[in-house]
Amino acid sequence: MDTHTLDFIDNRLNTDTAPQCALNVVFGADSVSLLAADASGAMMAFQSRMLAGEETSFNQIEWQLRGLLQQETLFGLPFGQIHCALFHRNATLVPRRLFQHGALSGYFKLLLNPADYIYAYDELPEFDAYLVYATEPGLAKLCTEFFPRSRNRHLAVPLLRNARLTAANEEHRLFVNFRNQVAQMAVFERQNLLFYNSFAFSASSDLLYYVLMLYDQFRLSAQDTPLIVAGNLLEDSELYRLLYRFVRDIRFAELPAFYHLPTDRPALPGHCYYDLFCLKNL
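Definitions and limits used
Residues numbered from 1 in each chain as written. Predicted model: local features only at pLDDT ≥ 70, side-chain atom pairs only at ≥ 80, totals over all residues. Heavy atoms only, no water. Helix = DSSP H or I, 4+ residues; strand = E, 2+ residues; numbered from the N terminus. Pairing = 2+ DSSP bridges. Axes fitted to C-alpha atoms, helices over the stretch in contact; angles between N-to-C directions. Contact = heavy atoms within 4.5 Å. Phe/Tyr/Trp six-rings, centres within 6.5 Å; stacked < 30°, edge-to-face > 60°. Core = buried A, V, L, I, M, F, W, Y, C linked by side-chain atoms within 4.5 Å. Buried < 20%, exposed > 50% of the residue type's maximum accessible area, 1.4 Å probe, protein only. Expected span 1.5 Å × (residues − 1). Arc of directions from axis to C-beta.

> Explain unusual backbone geometry to me, please; I cannot follow it from the model alone.
Trans peptide bonds make up most of the peptide bonds, and negative phi angles are found at most residues other than glycine. In this model, D128 sits at a positive phi of 55 degrees, which is unusual for a non-glycine residue. Mapped onto the secondary structure, D128 falls in the loop between strand 7 (118-124) and strand 8 (129-135).

If you want it as structure tokens, here you go:
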């Protein structure tokens, strides 16, 4: 069932002001989120809708997603810039020395069951690597159809780039972005990326297992190595309290300095929509 989790549109946002604004969109098989901001970084709109759980196939909800996109009035405004990022779990990092442009499907032989996918990649020169991903054809078609002006990339690209910018002060740090019931996880050694992957979880204990597994795999201390958290996680949640029993230095990702949250509305934790903020430099 479609759940409306966030809805804010400034009445100043219209066909006359939209050309001076940028629209950021995270577009996935189970959800759509968007953020609009003017040239000064002031928030003009937030919206987020989740359509289904991780276990639901895209074919089951494709018609719902198309209907949502057709009904959303914001997509009809003439924004000056549109940045769109695809979100799904079918992505893997490939070191530059092992990357072969003509063999993208081969990177998923052990990761995905055989199916009809559209394969693509994004270069990450700062990590000397490529992000390769396999998108369901229906999802890729919708993204191109509704956001033809945007150079669409996988959400991991802006997330990793922004996480890298703040990773220089500690010897090591873990980064986790929560989006619905999926955790995108990375390990940094200063600004060097050691690991990236995404994990679906249904219980807090599952997520705790993945986090502690990374601490153990890279022989890091859960007492001393910080865990940077972004996405839909709040300090009073069961998951946060469980993590804090084992990881003593948990920090919420900071809102990029460019953006300014609305002052006339209830406070919105910036880390909850960190992935949308990251799209500015996509």
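> When you look at the sheet that holds strand 12 (residues 192-200) in this model, what are you seeing that I'm missing?
Strand pairing in a sheet relies on backbone hydrogen bonds, with the paired strands running either antiparallel or parallel. Judged by pairing direction, the sheet is mixed, and its 5 strands sit side by side in the order 12-11-10-13-14 without closing on themselves. Two strands in the sheet have a free side with no partner beyond their single neighbour: strand 12 and strand 14 (250-252). In this sheet, neighbouring strand axes are inclined to one another by 20 degrees on average, regardless of whether the strands run parallel or antiparallel. The strands that helix 3 (residues 156-165) touches are strand 10 (172-179), strand 11 (182-189) and strand 12; relative to strand 11, the one it contacts most, it runs at about 40 degrees. Where helix 5 (residues 238-246) meets the sheet, its contacts fall on strand 10, strand 13 (227-231) and strand 14, and the angle it forms with strand 14 comes to roughly 140 degrees.

> When you look at the packing of aromatic side chains in this model, what are you seeing that I'm missing?
Note on aromatic pairs: each is described by the distance of the centres and the angle between the planes. Going through the model one piece at a time under the given rule, you end up with 21 aromatic pairs. Aromatic side chains F8 and F46 sit 6.4 Å apart centroid to centroid with 35 degrees between the ring planes, which places their arrangement in the tilted category. Taken as a pair, F8 in strand 1 (residues 3-9) and F46 in strand 4 (residues 43-50) lie far apart in primary sequence, 38 residues in all. Counting every residue linked through ring pairs, the aromatic cluster contains F8, F46, F258, Y259, Y273 and F277.

> So what exactly am I meant to see when it comes to the nonpolar core here?
What tends to happen in soluble globular proteins is that the nonpolar side chains get buried as a cluster. One finds L35, M43, L131, L160, F175 and F188 to be the most contacted residues of the largest nonpolar core, which totals 39 residues. For this core, the element with the most residues is helix 3, which contributes 5 residues. Non-local contacts of L131, meaning those with residues more than four positions away in its chain, are made with A91, T92, L93, A120, Y121, D122, L124, H154, A156, V157 and Y196. One finds L51, I61, L65 and I82 within the second-largest nonpolar core, a separate group that totals 29 residues.

> How should I be thinking about helix 4 (residues 204-217) in this particular structure?
Think of an α-helix as 3.6 residues a turn; residues three or four steps apart then line up on the same face. Between its first and last C-alpha atoms helix 4 spans 20 Å; for 14 residues at 1.5 Å apiece the expected length is 20 Å, and the two agree. All of the buried residues in helix 4 are S204, L207, L208, Y210, V211, L214 and Y215. One side of helix 4 holds all its buried residues, which, seen down the axis, span an arc of 160 degrees. Residues of helix 4 that are exposed and point over 90 degrees away from its buried face: Y209 and D216. If you follow the buried residues of helix 4, they end up packed against strand 10, strand 11, strand 12, strand 13 and helix 5. Immediately beyond the C-terminal end of helix 4, within one or two residues, lies R219, with a positive phi of roughly 55 degrees.

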